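# Tertiary structure, described
Residue strings, one per chain:
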Amino acid sequence: MPARDSFHSLMRIGPVQIGTRRDRTGRTAHAAVCTADRCGWSADYSSRTAAQLAARTHRCTVR
């Protein structure tokens, strides 16, 4: 079964994009992903505030 694109409420803070989704158990989860080339950083959070804080403090190590 293919995965469906279920992100909504997208937000961008610098190079980091934050999206809200439902996980497998039906709970709301927030993902923060760096869109810079060759960075590869991403993380899941249980609150949107935590994802926004991570996005604001993220520093790419790739130059």
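All figures in this text were calculated on a predicted structure; none of them were measured in a lab.

Looking now at the pattern of salt bridges. Within this structure, the stated rule accounts for one salt bridge. The partner of R21 in a salt bridge is D44, with the nearest N and O atoms 3.3 Å apart. Here R21, found in strand β2 (residues 16–22), pairs with D44, found in strand β4 (residues 42–45); they are 23 residues apart in sequence, far enough to count as distant. Taking relative accessible area as the criterion, D44 reaches 53% and is therefore assigned exposed.

This brings us to the sheet that holds strand β3 (residues 28–34). Paired through their backbone hydrogen bonds, the strands of a sheet run either parallel or antiparallel. Overall, antiparallel pairing links the four strands, which are arranged β1-β2-β3-β4 in an open sheet. The open sheet has two free edges, formed respectively by β1 (8–13) and β4, since each of these has just one partner strand. The average undirected angle you get between the axes of adjacent strands in this sheet is 20°. Two strands pair when backbone bridges link them, and β3 and β4 are joined in this way by four bridges, in the antiparallel orientation. When the bridges of β4 are listed, V33 appears paired with S42. Sitting on the sheet, helix α1 (residues 48–57) is in contact with β1, β2, β3 and β4, with an inclination near 25° to β1.

About the cut-offs
Residues numbered from 1 in each chain as written. Predicted model: local features only at pLDDT ≥ 70, side-chain atom pairs only at ≥ 80, totals over all residues. Heavy atoms only, no water. Salt bridge = Lys/Arg side-chain N within 4 Å of Asp/Glu carboxyl O. Helix = DSSP H or I, 4+ residues; strand = E, 2+ residues; numbered from the N terminus. Buried < 20%, exposed > 50% of the residue type's maximum accessible area, 1.4 Å probe, protein only. Pairing = 2+ DSSP bridges. Axes fitted to C-alpha atoms, helices over the stretch in contact; angles between N-to-C directions. Contact = heavy atoms within 4.5 Å.

Honestly, it's all geometry; don't read function into it.
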